[in-house]
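The chain contents come next:
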Amino acid sequence: MVQHRPHTTVVLAMSADGKIADVTRSPARFGSKTDKAHLEAQIAIADAILFGASTLRAYGTTLTVSHPQLLQQREQTLKPPQPVQIVITHSANLNPEMRFFTQPIKRWLLTTTAGALLWKGRREFEQILVFETPTAKIDIKAALQHLTTLGIKRLAVLGGGELVASMLELDFIDEFWLTVCPLIIGGSTAPTPVEGRGFLPKLAKRLQLVEVQTIEQEVFLHYLLQQPTD
Ligand SMILES: NC(=O)c1ccc[n+]([C@@H]2O[C@H](COP(=O)([O-])OP(=O)(O)OC[C@H]3O[C@@H](n4cnc5c(N)ncnc54)[C@H](OP(=O)(O)O)[C@@H]3O)[C@@H](O)[C@H]2O)c1
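Residues numbered from 1 in each chain as written. Predicted model: local features only at pLDDT ≥ 70, side-chain atom pairs only at ≥ 80, totals over all residues.

Some points on the site of the ligand
Alright, step 1. Taken together, the neighbourhood of the ligand is formed by 30 residues, with Gly 52, Ser 54, His 90, Gly 159 and Gly 160 sitting nearest.
Alright, step 2. Of all the secondary structure elements, the ones that give two or more residues to the shell around the ligand are β1 (7-15), β2 (48-52), α2 (53-59) and α6 (161-169).
Alright, step 3. Residues of the shell around the ligand, tallied by class, amount to 16 nonpolar, 11 polar and 3 charged. (Near = placed C-beta within 6 Å. Helix = DSSP H or I, 4+ residues; strand = E, 2+ residues; numbered from the N terminus. Nonpolar A, V, L, I, M, F, W, Y, C, P; charged D, E, K, R; others polar.)

What follows is the structure in structure tokens.
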């Protein structure tokens, strides 16, 4: 089947109780150095990175590829040193003072007509992509289709839970990498890998476990999504 969208891989670290951040939604920095290296390796094989505005607001920055071997691997596969970093947001309400905007990377904004107005004529984003549904939501299907025409074949989706939920609802996720970290965060409002409205059991997204690695205190789970057969 020809896919008119990039191959998508979600990469997230979570606590043993399934939280990706604490109740204050502070930046999640509980993964080990090994987890950070794993994340960097996943970023290094992507043509573009996609993340939700709240993830950017929490971290203020994005992880870039810096390991010489990964940079070399990108060069050998004729990729630019860094994947494109794409922020998805309805509001486009982002602080231009964030360190993200001075990082040596290409930044694209995926937003609504209203959101685009806020950044028009500014230099922070190399591209502003507007794909809107009739209800002024972002048309993710059209946006992903457009990304393929721009040469984006592999997309790493780095959260947060709201973005992952919106893509899962549309069956636009192919793989999950989840790192289970040795801590309990708790909190009924602390974010999890998949937020949104959730799925009733019959409609729950089914996974196939393809790889498990335990490295010191962390477990790296690699799943493929079972795509609906319709
Ligand atoms: N542990 C980890 O690996 C990890 C990774 C990433 C993030 N996090 C944590 O996760 C938390 C953030 O996650 P979150 O679930 O709250 O938020 P999120 O998904 O990062 O961002 C939500 C916001 O992004 C925009 N957005 C997301 N999906 C969209 C869609 N389909 N269409 C249009 N806009 C969309 C909207 O921005 P606007 O409101 O501007 O319209 C929305 O309010 C932070 O605390 C962060 O530290 C943890």
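This is not the end of the story, as more comes after the structure.
Considerations on the pairing of strand β5 (residues 127-130)
Alright, step 1. Looking at chain direction, strand β4 (residues 107-111) and β5 are connected through 4 bridges and run parallel. When the bridges of β5 are listed, Leu 109 appears paired with Ile 128.
Alright, step 2. Between the parallel elements β4 and β5, the chain passes through helix α4 (residues 113-119) in a crossover that is right-handed. (Pairing = 2+ DSSP bridges. Right-handed = clockwise from strand over helix to strand, strands pointing away.)

Structural notes on the pairing of β4
Alright, step 1. Across the 5 residues that make up β4, a large majority, 4, are buried.
Alright, step 2. Of the pairings in the sheet, the one linking strand β3 (residues 84-88) to β4 comprises 4 bridges and is parallel in character. Note on β4: the bridge partner recorded for Val 87 is Leu 109. (Buried ≥ 20, exposed ≤ 12 C-beta atoms within 10 Å, placed from the backbone.)

Some points on the sheet that holds strand β9 (residues 218-225)
Alright, step 1. If you trace the 9 strands from one edge of the open sheet to the other, you get β5-β4-β3-β2-β6-β1-β7-β9-β8, paired in mixed fashion. Edge positions in the sheet fall to β5 and β8 (207-215), since each of these pairs with one other strand and no more. The sheet shows a mean angle of 20° between the axes of neighbouring strands, direction not considered.
Alright, step 2. By the bridge criterion, 8 bridges tie β8 to β9 in an arrangement that is antiparallel. Paired with Thr 214 across the strands is Val 219, a residue of β9. (Axes fitted to C-alpha atoms, helices over the stretch in contact; angles between N-to-C directions.)

Observations concerning helix α1 (residues 33-44)
Alright, step 1. For α1, which comprises 12 residues, the first-to-last C-alpha distance of 16 Å matches the rise-based estimate of 16 Å (1.5 Å per residue) to within 8%.
Alright, step 2. For α1, every residue scored as buried is listed here: His 38, Ile 43 and Ala 44.
Alright, step 3. Residues of α1 that are buried sit in contact with β2, α3 (68-76), β6 (154-157), β7 (175-181) and β9. (Expected span 1.5 Å × (residues − 1). Contact = placed C-beta atoms within 7 Å.)

Things to note about the environment of Gly 161
Alright, step 1. With respect to the helices and strands, Gly 161 occurs in helix α6.
Alright, step 2. Overall, Gly 161 belongs to the buried group, with 22 C-beta atoms counted inside 10 Å.
Alright, step 3. C-alpha of Gly 161 to C-alpha of Pro 193: the two residues are 32 residues apart in sequence and 4.6 Å apart in space.
Alright, step 4. Those residues in contact with Gly 161 that lie beyond four places of it in its chain are Ile 20, Pro 191, Thr 192, Pro 193, Val 194 and Glu 195.

Some thoughts on the environment of Thr 192
Alright, step 1. For Thr 192, the location among the structural elements is in the loop between β7 and β8.
Alright, step 2. For Thr 192, a count of 18 C-beta atoms within 10 Å puts it in the partly exposed group.
Alright, step 3. Separated by 179 residues in sequence, Thr 192 and Ala 13 place their C-alpha atoms 9.9 Å apart.
Alright, step 4. Ignoring sequence-local partners within four residues, the contact set of Thr 192 consists of Gly 18, Lys 19, Ile 20 and Gly 161.

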